[in-house]
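# Summary of structural features
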Amino acid sequence: MSAQGVRAEAAAHMAAIGASAHYDHRLAPYDVVVSREHVAMLARQEIIPSDAAAGLLAGLAELEEQLRSAKPVLDPDAEDVHTAIEQYLEERIGADAGWLGTARARNDLAVTALRLWLRDQTAELGATLVALAQALAAQAEEHAGTVMPGFSHLQVAQPVTFGHICLAYAEAFLRDAKRLGFVRALQDECPMGAGALAGTGFPIDRDSVARGLGFRLPSANSVESVGDRGFALDFLSAGASIALNLSRFGAEIVFWSSQPVGLISLPDELVSSSAALPHKRNPDAAELVRGKTGRVLGNLYALQTVVKGLPLSYFRDLQEDKEPLFDTADTLRLSLNAAVSLATLMRPNTATMRDRTDVAFITSSDFAEWLTREQRIPFREAHHLVAKLVRAAGELGCSLGELPVDVRRGVDERLALTQWPDITVEASAAARTSQGGTAPERVREAAALLRTRLAEAQDAFRPDEPDHETPADGNGDQR
Ligand code: ARG
């Protein structure tokens, strides 16, 4: 190849590795919002001529219109979406478009647009997490008294109620919603005005831009704010937490719905049949909710690795922040929506649940507690005595409640009682009345309280700035 050919190839390779417009175009509506705010401020501060500002605002309004109607008006071969927008404006309004670049750089622009996009994602994902917890609260209200086996080590341990288990997951999802709220609060600073890294000599008004975009404050340090991706990492790590909790929920559903377990049924819409085995109802939705966790965890690791070792300010490496963020948001949206459907439509098989609690000596701990409460035997000792009773009952093939008095006397004189309880699984569950316990009345209370806490969490995601318009959705790849 000629030296010229080698260099032409190099230019093509550079363009290819540098291109981001094919994925960052989803930031276009956010660039428009930031640019509009910036232009208005520049005009107010008399930094740019007012007729140039009017032309720019008209061009931006037109672009916004086009983006809303999903017309592909931006050059997909531009280096990035921000360059493509400047090109678009230049084609529309000519040389006046050049005023837009005053007192800003792509460094502060790109990261501000990304923060705005992320703010909308946290609001949407947070609201879906709340919806998921609400679906679980509804199950809890309906099944506060539905007894099922409670597992530890996947061994049947103690009777619990299905409602209690649903609330257990709801707690985790509520906490994740709050986690997203923290992320949102922490990213509440506007980088615009940082310029390339050092700020600008133009008499800009950073406060008004920040407020106009719905941020609490402008960022405090220009150098820090063009290179910081902590806000993105916070989102990815909150996302990882969500994915981990979803994965556990998915795994639980897969287990519960397996035929030999049979604790729940899933509707046709959420299972797939096997091509080879017609009797099967594979819980694919739950499996994929679990399986998609891998990429969400990977996205966190990917961006951590990108920023590790980067000194202050901007490096092109930072362009690699977007795809992990986009993928995590998209994946979580899919998984959360599927989880909402699973939580809403899963049906406990109440008879099977009751049957599966019929495991020898599931209420042994209730007997120990009874001995402590009614016979004032110290709990550790009561526990040892019940262990002996379990062995004796196992040999006789009877339940603890059916143990004859002479056998009990053989274990310990204090057990030769005429009043000897037969503790059912329902009685066992109903007795666990401590706060946060599985007793149906506690579950009903907890579900009611959860509803209030969810309403509060939902409030935190309401947009606090009414003058900040939510840009048209720019999702989906153009190319
Ligand atoms: N597309 C770039 C990014 O997202 C925009 C910033 C480019 N700045 C620069 N100095 N090359 O990171």
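No experiment lies behind these values; they were computed from the predicted model shown.

## Some thoughts on the pairing of strand β1 (residues 147-152)
- Bridge analysis of β1 against strand β2 (residues 155-161) gives 6 bridges, and the strand direction is antiparallel. Looking at β2, one finds that M148 is bridged to V160.
- Hairpin connection between β1 and β2: a loop of 2 residues separates the two successive antiparallel strands, and H153 in this loop has a positive phi of roughly 55°.

## Here we look at the UniProt feature "domain: Fumarate lyase N-terminal" (unreviewed entry) in the protein chain
- The feature "domain: Fumarate lyase N-terminal" (unreviewed entry), as annotated in UniProt, sits at residues 9-298 in this numbering.
- Each end of residues 9-298 is marked by a C-alpha atom, and these two atoms are 32 Å apart; helix forms 62% of the span and strand 8%.

## Notes on the domain arrangement of the protein chain
- One can read the domain layout of the protein chain as domain 1 (3-102), domain 2 (115-141 + 162-355 + 447-460) and domain 3 (364-423).
- The distance between the C-alpha centroids of domain 2 and domain 3 comes to 49 Å.

## As for the UniProt feature "domain: Argininosuccinate lyase C-terminal" (unreviewed entry) in the protein chain
- Following the UniProt record, one finds the feature "domain: Argininosuccinate lyase C-terminal" (unreviewed entry) at residues 361-416.
- Here residues 361-416 runs as 66% helix and 0% strand, with 19 Å between its end C-alpha atoms.

## Quick look at the packing of helix α7 (residues 162-186) against helix α19 (residues 440-459)
- Two elements in contact, α7 and α19, have axes separated by 11 Å at closest approach and are oriented at 20°. When the axis of α7 is compared with that of α19, the two are roughly parallel. Along this stretch, α7 crosses α19, giving a crossing that reads as left-handed. Note on element contacts: α19 touches α7 through V443, A446, A447, L450, R453, L454 and A457, opposite G163, H164, L167, A170, E171 and L174.
- Its residues assigned to classes, the contact of α7 with α19 comprises 9 nonpolar, 2 polar and 2 charged.

## Comments concerning helix α16 (residues 379-396)
- Here α16 spans 25 Å end to end across 18 residues, near enough to the 26 Å set by a 1.5 Å rise per residue.
- The set of residues buried in α16 consists of A382, L385, V386, L389, A392 and A393. Buried residues of α16 fall within an arc of 120° about the axis and therefore sit on the same side. Facing away from the buried side of α16 by more than 90 degrees, the exposed set consists of R380, R391 and E395.
- On its buried face, α16 is in contact with α15 (364-375) and α17 (405-411).
- Directly after α16, the chain includes G397, whose backbone phi takes a positive value near 70°.

## Quick notes on the side chain of D24
- Structurally, D24 is set in helix α2 (residues 21-24).
- Here D24 sits buried without a salt bridge, and the closest side chain of opposite charge, K322, lies 5.4 Å off (N-O distance).
- Separated by 3.0 Å, the side chain of D24 and the backbone nitrogen of V81 make a polar contact.
- Non-local contacts of D24, meaning those with residues more than four positions away in its chain, are made with D80, V81, K322 and F326.

## Some words on the packing of aromatic side chains
- In the structure shown here, the tally under the stated rule is 8 aromatic pairs.
- Pairing F151 with F255 gives two aromatic rings, centres 5.4 Å apart and planes at 75°, and the pair type is edge-to-face. Here F255 lies in helix α10 (residues 230-257) and F151 lies in strand β1, a separation of 104 residues in the sequence.
- Overall, F151 belongs to the partly exposed group, its relative accessible area being 28%.
- Using a relative accessible area of 22% as the deciding quantity, one classes F255 as partly exposed.
- Among the aromatic residues, those joined into a ring-pair cluster are Y169, F173 and F249.
- Lying over the aromatic face of F326, R26 brings its terminal NZ or CZ to 4.3 Å of the ring centre.
- Across the ring face of F215, the terminal group of R119 is positioned such that the distance to the ring centre comes to 5.2 Å.

## Regarding the packing of helix α6 (residues 106-142) against helix α13 (residues 322-345)
- Where α6 contacts α13, the axes come no closer than 9 Å and their chain directions differ by 15°. As judged from the angle between their axes, α6 and α13 are roughly parallel. Classified by chirality, the crossing of α13 by α6 is left-handed.
- Its residues assigned to classes, the contact of α6 with α13 comprises 17 nonpolar, 5 polar and 3 charged.

## Considerations on the site of the ligand
- All residues in the neighbourhood of the ligand are listed as D80, R106, N107, A110, Y314, Q319 and K322.
- In the environment of the ligand, a nitrogen atom lies 2.7 Å from a nitrogen or oxygen atom belonging to the side chain of D80.
- In this structure, an oxygen atom belonging to the ligand sits 2.4 Å away from a side-chain N or O atom of Y314.
- Summarising the interface, the protein chains cover 85% of the accessible area of the ligand, which totals 340 Å² for the free molecule.
- The greatest single-element share of the shell around the ligand, amounting to 3 residues, is contributed by α6.

What counts and what doesn't
- Residues numbered from 1 in each chain as written.
- Predicted model: local features only at pLDDT ≥ 70, side-chain atom pairs only at ≥ 80, totals over all residues.
- Heavy atoms only, no water.
- Pairing = 2+ DSSP bridges.
- Helix = DSSP H or I, 4+ residues; strand = E, 2+ residues; numbered from the N terminus.
- UniProt positions renumbered as here; feature names shortened; annotations may be inferred.
- Domains from an automatic or database assignment.
- Axes fitted to C-alpha atoms, helices over the stretch in contact; angles between N-to-C directions.
- Parallel < 35°, antiparallel > 145°, perpendicular 65-115°, else oblique.
- Left-handed = near helix turned anticlockwise from the far one by under 90°.
- Contact = heavy atoms within 4.5 Å.
- Nonpolar A, V, L, I, M, F, W, Y, C, P; charged D, E, K, R; others polar.
- Expected span 1.5 Å × (residues − 1).
- Buried < 20%, exposed > 50% of the residue type's maximum accessible area, 1.4 Å probe, protein only.
- Arc of directions from axis to C-beta.
- Lys, Arg positive; Asp, Glu negative; His and termini not counted.
- Salt bridge = Lys/Arg side-chain N within 4 Å of Asp/Glu carboxyl O.
- Polar contact = N/O pair within 3.5 Å; in protein donor to acceptor, adjacent residues only side chain to side chain.
- Phe/Tyr/Trp six-rings, centres within 6.5 Å; stacked < 30°, edge-to-face > 60°.
- Lys NZ or Arg CZ within 6 Å of the ring centre and 35° of its normal.
- Near = heavy atom within 4 Å.
- Areas by Shrake-Rupley, 256 points an atom, 1.4 Å probe, with all protein chains shown as cover.

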